[in-house]
Amino acid sequence: MNIGIIGGGLAGLVAGYELGKAGHRVTILERDSQLGGQVGTLEVGGERLERFYHHIFTSDSHVRELLAELGLASRLVWISSKVGFFRDGSLWDFVTPRDLLNFTPLSLPNRVRLGLASVYIQRQANWQKYEGVTARDWIVKYAGRRNFEVVWGPLLRGKFGESYDKVGMVWFWGKMRLRFGSREKGLQSERLGYLNGSFGLLVDELARAILRAGGRIFTEASVERIAVENGAARGVQLERPEVLSWREENGLAKDVHDLPEDALPFDAVIATVPSMVFERLVPDLPVDYVQRLKATTYQAAVCMVLTMARPLSHIYWLNISDPTMPFVAVIEHTNFVGAERYGGKHVVYLSNYLSQDNPLYRQTPGDLLQTYEPHLKRINPEFSLSWVESYRLFRDDSGQPIVTTNYSQKLLPMETPVGGLYLANTTQIYPEDRGMNYSIRLGRDVSRVVAGKSRLGGVLSRGNEK
Ligand SMILES: Cc1cc2nc3c(=O)[nH]c(=O)nc-3n(C[C@H](O)[C@H](O)[C@H](O)COP(=O)(O)OP(=O)(O)OC[C@H]3O[C@@H](n4cnc5c(N)ncnc54)[C@H](O)[C@@H]3O)c2cc1C
């Protein structure tokens, strides 16, 4: 089959890679000038770095398998992470059971209760029993109101804004299982994985493999419309015909290329774009399907990357439990991967999740840095803007799907009401939280569904691993 794939993030690239291996001709169409989507990169001190902070957990088996298959396993390193908590103007280490016992914003009984609730939840294998419960209600009931107010409530609010009390317990369960699953024996510390050279290397290797299998990759190729005839997808129309065409020659290179202005014909089309984009691309979708698309919404991600002459703190992942602060986490990448990799520069991500109508979401990078400055001083009183050598701001409208209660009933299948048109995006990841591991799984799953429809065959499967 001749298959068009909209979106050159991990889901689209993995689908293209799998379908290419199975003998299909794939064309990747990516709107951005680079591939990778949410795992796209920038350069700092001569080294590539993710635009949005990225690490993996030990349980991320799809990432590990794919890295091994693409010859990148030796670049994967496992590092003990340093997690902290900012509360009442103080910075608390939050890694070991002893750190929890030292966390005096909570009374001793509450600290013990928090620890017990954390261990209990990560030991539960049956997530289905949490489908109808919100995270807030479960936490208040089992961990206690004070623990919710001090620890988990601010994190839920930070990530989901006004929707925080609608988030399903299954989302929280998935998050806790991942984090505790990545702990060393005895719960002493958490090990997180990073790809030396950035996860951009995984993106590059997927692109190379697709090109080697005879596939085509175009960037700056924004799809405007999916052409539908007699209820079936026939191809796609681009916003403008001039695109960058990728080739593999001494590394990946790009040439300007003109594609026909009328629709590019395909036998099948896979869309890996967010649901709100998908809805705009397809004319005349049935009303009930559009309602289902609209039923899952997202928080936008906004992330500022600072490169600095000095470190801000000793913590890698600093959770902010203070509603007056304009970000929810400070992720000091160079407390995870050494600053020497980035020409001695210290890299700090300031992360926030917002609804798109929040004024903070549209602030210019310079204004946002001014907004952040007094709060950075609260974390480190010596901080000064003169430390900042460069700052870049990245936004993603679909940073985090809002996973509400009974989400399994909202999940859209990969097959759509249009014949030969498939959807595979992060709203379809469940019961786990979105992550590279699950976008890789999405790509693999959708490739099986599409191949199962072709004369080349293939196994039709869909399901979450236990
Ligand atoms: C702030 C942040 C931090 C994260 N941290 C981690 C982490 O630590 N570990 C982890 O495992 N995961 C992390 N993730 C999640 C991970 O990056 C994603 O799950 C994964 O990369 C999503 O891949 P995708 O292909 O499903 O979607 P995307 O990466 O969003 O890809 C969709 C692609 O479609 C393209 N597109 C959109 N519209 C069009 C159009 N009209 N025409 C053509 N192309 C179009 C987009 O440009 C994009 O490239 C993080 C995500 C965010 C936002």
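Fair warning: this is a prediction, and the values are worked out from it, not measured in the lab. (Residues numbered from 1 in each chain as written. Predicted model: local features only at pLDDT ≥ 70, side-chain atom pairs only at ≥ 80, totals over all residues. Heavy atoms only, no water.)

*Asks:* Is there a simple way to think about the overall build of the chain in this case?
*Replies:* For the chain, the count of helices and strands is 13 helices and 21 strands. Along the longest, intermediate and shortest principal axes, the C-alpha atoms of the chain span 65 × 50 × 40 Å. Of all 466 residues assigned to the chain, the portion counted as buried reaches 58%. When contacts within the chain are restricted to residue pairs at least 6 apart in sequence, long-range pairs at least 24 apart make up 69% of them. As presented, the chain carries roughly 19,100 Å² of accessible surface, and 48% of it is formed by carbon and sulfur atoms. (Helix = DSSP H or I, 4+ residues; strand = E, 2+ residues; numbered from the N terminus. Buried < 20%, exposed > 50% of the residue type's maximum accessible area, 1.4 Å probe, protein only. Contact = heavy atoms within 4.5 Å. Areas by Shrake-Rupley, 256 points an atom, 1.4 Å probe, with all protein chains shown as cover.)

*Asks:* Please explain the packing of aromatic side chains as it appears in this structure.
*Replies:* Aromatic rings in a pair are described by how distant their centres are and how their planes are angled relative to each other. Within the structure shown, the criterion is met by 19 aromatic pairs. Between Tyr-130 and Trp-138, the aromatic rings sit 6.3 Å apart at their centres with planes inclined by 85 degrees, giving edge-to-face as the arrangement. When the centroid spacing of 4.4 Å and the interplanar angle of 20 degrees are considered together, the rings of Tyr-316 and Phe-336 count as stacked. Residue Tyr-316 is found in the loop between strand 16 (298-308) and strand 17 (317-320), and its partner Phe-336 is found in the loop between strand 18 (329-332) and strand 19 (346-354); the two are separated by 20 residues along the sequence. No difference in accessibility class separates Tyr-316 from Phe-336, as the two residues are buried. Chaining the aromatic ring pairs together yields one cluster made of Tyr-53, Tyr-194, Phe-199, Tyr-316, Trp-317, Phe-336 and Tyr-349. Here the basic side chain of Arg-136 rests over the ring of Phe-148, its NZ or CZ set 5.9 Å away from the ring centre. Here Arg-395 stacks its cationic end above the ring of Tyr-361, 5.8 Å away from the centre of that ring. (Phe/Tyr/Trp six-rings, centres within 6.5 Å; stacked < 30°, edge-to-face > 60°. Lys NZ or Arg CZ within 6 Å of the ring centre and 35° of its normal.)

*Asks:* For this particular structure, what's the right way to read the layout of surface pockets?
*Replies:* Gaps between atoms show up when a probe of the same size as a water molecule is rolled over them. Estimated volume of the second largest pocket: approximately 540 Å³. Around the second largest pocket, the lining comprises 24 residues; the ones closest to its centre are Arg-157, Gly-158, Gly-161, Pro-323 and Asn-352. When residues of the lining of the second largest pocket are traced back to their parent elements, those giving at least two are helix 6 (145-160) and strand 19. When residues in the lining of the second largest pocket are grouped by element, the largest group, five residues, is from helix 6. Each residue belonging to the lining of the second largest pocket can be placed in one class, and the counts come to 11 nonpolar, seven polar and six charged. A domain-level breakdown of the lining of the second largest pocket finds at least three residues from each of domain 2 (96-188) and domain 3 (298-401). (1 Å grid on protein atoms, 1.4 Å probe; cavity = no way out; pocket = protein on both sides within 12 Å on 5 of 7 lines; lining within 4 Å. Points joined across faces, edges and corners; volume = space filled by probe spheres on them. Nonpolar A, V, L, I, M, F, W, Y, C, P; charged D, E, K, R; others polar. Domains from an automatic or database assignment.)

*Asks:* Help me understand the sheet that holds strand 13 (residues 252-258) in this model?
*Replies:* Hydrogen bonds along the backbone pair up the strands of a sheet, which may run parallel or antiparallel. A sheet is described by the order of its strands in space; here seven strands give the open sequence 13-12-9-2-1-15-21, paired in mixed fashion. What marks the edges here is a single partner per strand, and that holds for strand 13 and strand 21 (421-423). Pairwise comparison of adjacent strand axes, ignoring direction, gives a mean angle of 25 degrees for this sheet. Note: strand 9 (residues 216-219) against strand 12 (residues 242-248), two bridges, orientation antiparallel. What sits directly across from Phe-218, in strand 12, is Ser-245. Lying over the sheet, helix 1 (residues 10-21) contacts strand 1 (2-6), strand 2 (25-29) and strand 15 (268-271), oriented at roughly 165 degrees with respect to strand 2. (Pairing = 2+ DSSP bridges. Axes fitted to C-alpha atoms, helices over the stretch in contact; angles between N-to-C directions.)

*Asks:* Teacher, can you tell me more about the environment of Leu-350 here?
*Replies:* Here Leu-350 lies in strand 19. A relative accessible area of 0% places Leu-350 in the buried class. When the C-alpha positions of Leu-350 and Gly-420 are compared, they lie 41 Å apart, and in sequence the two are 70 residues distant. Discounting residues that sit within four places of it in the chain, Leu-350 has contacts with Val-302, Cys-303, Met-304, Leu-306, Phe-327, Ala-329, Val-330, Tyr-372 and Leu-376.

*Asks:* What is the right way to look at helix 1 in this model?
*Replies:* Given 3.6 residues per helical turn, the α-helix brings residues three or four places apart onto the same face. For helix 1, spanning 12 residues, the distance from its first C-alpha to its last is 16 Å, which sits close to the expected 16 Å at 1.5 Å a residue. Among the 12 residues of helix 1, 11 are classified as buried, and the element is accordingly described as predominantly covered. Listed in full, the buried residues belonging to helix 1 are Leu-10, Ala-11, Gly-12, Leu-13, Val-14, Ala-15, Gly-16, Tyr-17, Glu-18, Leu-19 and Gly-20. Once helix 1 finishes, Gly-23 follows within two positions and takes phi at roughly 95 degrees, a positive value. (Expected span 1.5 Å × (residues − 1).)

*Asks:* Got a minute to help me understand the pairing of strand 17 in this structure?
*Replies:* The side chains of a regular strand alternate, first on one face of the sheet and then on the other. With burial as the criterion, each face of strand 17 is covered, one bearing Trp-317 and Asn-319 and the other bearing Leu-318 and Ile-320. Sheet topology places strand 6 (residues 83-87) next to strand 17; four bridges connect them, and they run parallel. Residue pairing for strand 17: Phe-86 is matched across the bridge by Ile-320. Taken together, the three bridges between strand 17 and strand 18 define a ladder with antiparallel strand orientation. Directly across from Trp-317, in strand 18, lies its bridge partner Ile-331.

*Asks:* What is the right way to look at the sheet that holds strand 11 (residues 232-238) in this model?
*Replies:* Pairing is antiparallel across the open sheet formed by three strands, whose spatial order is 10-11-14. With partners counted over all chains shown, the strands left at the sheet margins are strand 10 (223-229) and strand 14 (264-265), one partner each. In terms of strand pairing, strand 11 meets strand 14 through two bridges, oriented antiparallel. Each bridged residue has a counterpart across the sheet, and for Val-236 the counterpart in strand 14 is Leu-264.

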